[in-house]
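The chain contents come next:
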Amino acid sequence: MEGDMKREISFIVNSQQMKLEVEGHLRLIDLIRDQLGLTGTKEGCGEGECGACTVIVDGKSVNACLYPALEIEGKTLITIEGLLEEDNKPSFIQKAFIDNGAVQCGFCSPGMIMSTKALLDKNNDPSDEDIRTALLGNLCRCTGYVQIVDSVKAAAKEVRRKS
Amino acid sequence: MKKFEYYKPKSLTEVWELKEKIPNSRFIAGGTDVMVKIKSGLLIPEALISLREVPELKNISVGKNIRIGAGSTITELIENAELQTAIPVLVQAARRIGSLQIRNVATVGGNLGNCSPCADTAPALLVLEARAVVRSDKNTREMPLQDFFTGPGTSCLSAKEILVELIIDIPSPQTKAISMKKGRVQMDLALASVAVLMETDGNFCKKIRVAAGSVAPVPLRLIEVEKFLENTEITEEKIKEAQRIAMESVSPISDVRTTADYRRHLVGVYVKNSIQSLMNGGRHEKRN
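Rules behind the numbers
Residues numbered from 1 in each chain as written. Chains lettered and ligands numbered in written order. Predicted model: local features only at pLDDT ≥ 70, side-chain atom pairs only at ≥ 80, totals over all residues. Helix = DSSP H or I, 4+ residues; strand = E, 2+ residues; numbered from the N terminus. Rg over C-alpha atoms; globule rule 2.2 N^0.38 Å. Buried ≥ 20, exposed ≤ 12 C-beta atoms within 10 Å, placed from the backbone. Contact = placed C-beta atoms within 7 Å. Domains from an automatic or database assignment. Nonpolar A, V, L, I, M, F, W, Y, C, P; charged D, E, K, R; others polar. Expected span 1.5 Å × (residues − 1). Axes fitted to C-alpha atoms, helices over the stretch in contact; angles between N-to-C directions. Left-handed = near helix turned anticlockwise from the far one by under 90°. Pairing = 2+ DSSP bridges. Arc of directions from axis to C-beta.

**With respect to the overall build of chain B**
A tally of regular secondary structure across chain B gives twelve helices and 15 strands. The C-alpha atoms of chain B give a radius of gyration of 19 Å, which matches the 19 Å a tight globule of 288 residues would have. Along the first, second and third principal axes, the C-alpha atoms of chain B reach 60 × 45 × 30 Å. Across the 288 residues that make up chain B, the buried fraction comes to 48%. Counting contacts in chain B only where the partners sit at least 6 residues apart, residues at least 24 apart contribute 61% of the total.

Right, here's the structure in full:
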């Protein structure tokens, strides 16, 4: 256990079973970007304020920059790459963001979209307040939040239409 | 960043064994404070001992009394239907902690154990007269929560002691409680926060507990305010005087977030507003 500072862990990432050697001091964002090469997840502030690194662990949105990598052992992780639909087309949430002008520089978008997914997985008819509560931990410096809230509503409508 | 080992013990016994082997190790629960300190270089741990998978810390139960495991996440607390009914004031306060991403991992034990004067769960737990249960491999002790805090960032815990749970007596159905918090934005740390619990009969105050955060080196009970109002008839003049006493009982600092004067002002206003709101029967929640 001591000395090499590495441990093999297994977990599920975007529906794929994964086994990896992970160092104890790493954060989940390091594992996702550097070891898995999934660079859709962004690191903004690195201290849990901006939400750019938001991913979903066992159904809950978390900041990957504050999440020790080894804690992902045995859990199910979804990153923005896991939202792609079968033919590699953007998911309906991503499409709603594009259609409603909720993307400018795009840096906050992966985090915004993951928080949106976590919300819609539990609630397919969120109120404005539900949406703003779920997205409070995701900062956008370009669009303002009106277009983003509109996008979440449009995506929610799509969930209801499909169900 | 300096490398370190990360341990995931599965029981308290294992936690203490590790702590004995690596005395310079640090405990980590949700990590929302610890990880920030490591990143900023304020904390350079030799090893981290994770408390996330320690079953002894995970239980929430409402029976003869209320027991909240220190490892319960803030989200688990908010989503617990029994707590919502029994002690809504704590659930109210918990809802205003950070963002959803933070609440999903941050724990109540971490919120208290970090010993920040602005710990958002503290004022609510103080007015509920929560007792902290602290365990080491050698013994267990129980204390009123206000005795747990000893200063900004410091607690009464010795190296091997762990805050394992909070015990709260179920408030009588006649009690009402409220918590108020001011942050610059909603997910911000509290500039000042207040919680008040009251049991009244008409305008007569049978019991009152008042606590405040971010206005002293530790979250604290405003005992002078309680003494002034308990077992008396509440009037508008009395509430005004309580507001003045509250302002005098705190010792806030000026920092990057706001000034001492404004913090003092907020505490006075929140004590007044809380009492007025409870006298009007409300459990009204103040957002910002």
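**A few points about the overall build of chain A**
Looking only at helices and strands, chain A features five helices and five strands. Along the chain direction, N to C, the helices and strands of chain A fall in the order β-β-α-β-β-β-α-α-α-α. In summary, chain A has a C-alpha radius of gyration of 16 Å against a globular reference of 15 Å for 163 residues, a match within 12%. Projected onto the principal axes, the alpha-carbon positions of chain A cover approximately 50 × 30 × 25 Å. Here chain A holds 163 residues, and the buried ones make up 43% of them.

**Brief notes about the domain arrangement of chain B**
Examined at the domain level, chain B breaks down into domain 1 (5-49), domain 2 (56-169) and domain 3 (175-279). Each of domain 1 of chain B and domain 3 of chain B was reduced to a C-alpha centroid, and the two centroids are 36 Å apart.

**Describing the domain arrangement of chain A**
Residues and elements named next belong to chain A. Domain annotation for chain A reports domain 1 (6-82) and domain 2 (92-162). Between the C-alpha centres of domain 1 and domain 2 there is a distance of 21 Å. Across the boundary between the two partners, domain 1 contributes 15 residues, which contact 13 residues of domain 2. Contributing elements (two or more residues each) for the side of domain 1 that touches domain 2: strand S3 (54-57) and strand S4 (60-63). Taken together, the residues that form the side of domain 1 that touches domain 2 break down as six nonpolar, seven polar and two charged.

**Observations concerning the interface of chain B and chain A**
On the side of chain A, 24 residues touch chain B, which itself brings 22 residues to the contact. Across the side of chain B that touches chain A, the residue classes break down as nine nonpolar, eight polar and five charged.

**Digging into helix H12 (residues 260-279) of chain B**
Residue and element names in this part refer to chain B. The terminal C-alpha atoms of H12, which comprises 20 residues, lie 29 Å apart, in line with the 28 Å expected from a rise of 1.5 Å per residue. Residues of H12 that are buried: Arg 263, Leu 266, Val 267, Gly 268, Tyr 270, Val 271, Ser 274, Ile 275 and Leu 278. The elements touched by buried residues of H12 are strand S11 (175-182), strand S12 (192-201), strand S13 (204-213), helix H10 (223-229) and helix H11 (236-248). Trailing H12 by a residue or two, Gly 281 shows a phi angle of about 85 degrees, which is positive.

**Some details on the packing of H11(B) against H12(B)**
Residue and element names in this part refer to chain B. Contact geometry for H11 and H12: axes closest at 8 Å, N-to-C directions at 145 degrees. Crossing angle aside, the handedness with which H11 passes H12 is right-handed. Contact residues: H11 offers Ile 239, Ala 242, Gln 243, Arg 244, Ala 246 and Met 247, while H12 offers Arg 264, Val 267, Gly 268, Val 271, Lys 272, Ile 275 and Gln 276. For the contact of H11 with H12, the per-class residue count stands at seven nonpolar, three polar and three charged.

**Thoughts on the sheet that holds strand S2 (residues 26-28) of chain B**
Residues and elements named next belong to chain B. Here we have three strands laid out as an open sheet, ordered S1-S3-S2, and parallel in their pairing. In this open sheet, the two strands that pair with only one neighbour each are strand S1 (5-7) and S2. Mean inter-strand twist for the sheet, computed between neighbouring axes without regard to direction, equals 30 degrees. Pairing between S1 and strand S3 (residues 47-50): three bridges, direction parallel.

**Points about unusual backbone geometry**
The phi angle at Asp58(A) is positive, at roughly 45 degrees, despite the residue not being glycine. Looking at the element boundaries, Asp58(A) is found in the loop between S3 and S4. Taking the C-beta count within 10 Å as the criterion, Asp58(A) has 13 such neighbours and is therefore assigned partly exposed. Notably, Glu129(B) is not glycine yet its phi reads approximately 55 degrees, a positive angle. Mapped onto the fold, Glu129(B) is located in the loop between helix H8 (122-127) and strand S6 (131-135). C-beta crowding within 10 Å serves as the criterion here: with 17 such atoms nearby, Glu129(B) is assigned to the partly exposed category.

**Details of H11(B)**
Residue and element names in this part refer to chain B. With 13 residues, H11 should reach 18 Å at 1.5 Å per residue; the first-to-last C-alpha distance of 19 Å fits that figure. Those residues of H11 that fall on the buried side of the exposure criterion are Ala 242, Gln 243, Ala 246 and Met 247. Take H11 and look down its axis: the buried residues cluster within an arc of 135 degrees, on one side only.

**So, the sheet that holds strand S5 (residues 76-78) of chain A**
Residue and element names in this part refer to chain A. Ordered by their spatial adjacency, five strands build an open sheet running S2-S1-S5-S3-S4, and the pairing between neighbours is mixed. Two strands lie at the open edges of the sheet, namely strand S2 (16-23) and S4, each paired on one side alone. Adjacent strand axes in the sheet meet at a mean angle of 40 degrees, parallel and antiparallel pairs treated alike. In terms of strand pairing, strand S1 (residues 6-13) meets S2 through eight bridges, oriented antiparallel. Within S2, the position partnered with Val 13 by the bridge is Gln 16. Docked against the sheet, helix H3 (residues 109-122) engages S3 and S4, running at close to 30 degrees with respect to S3.

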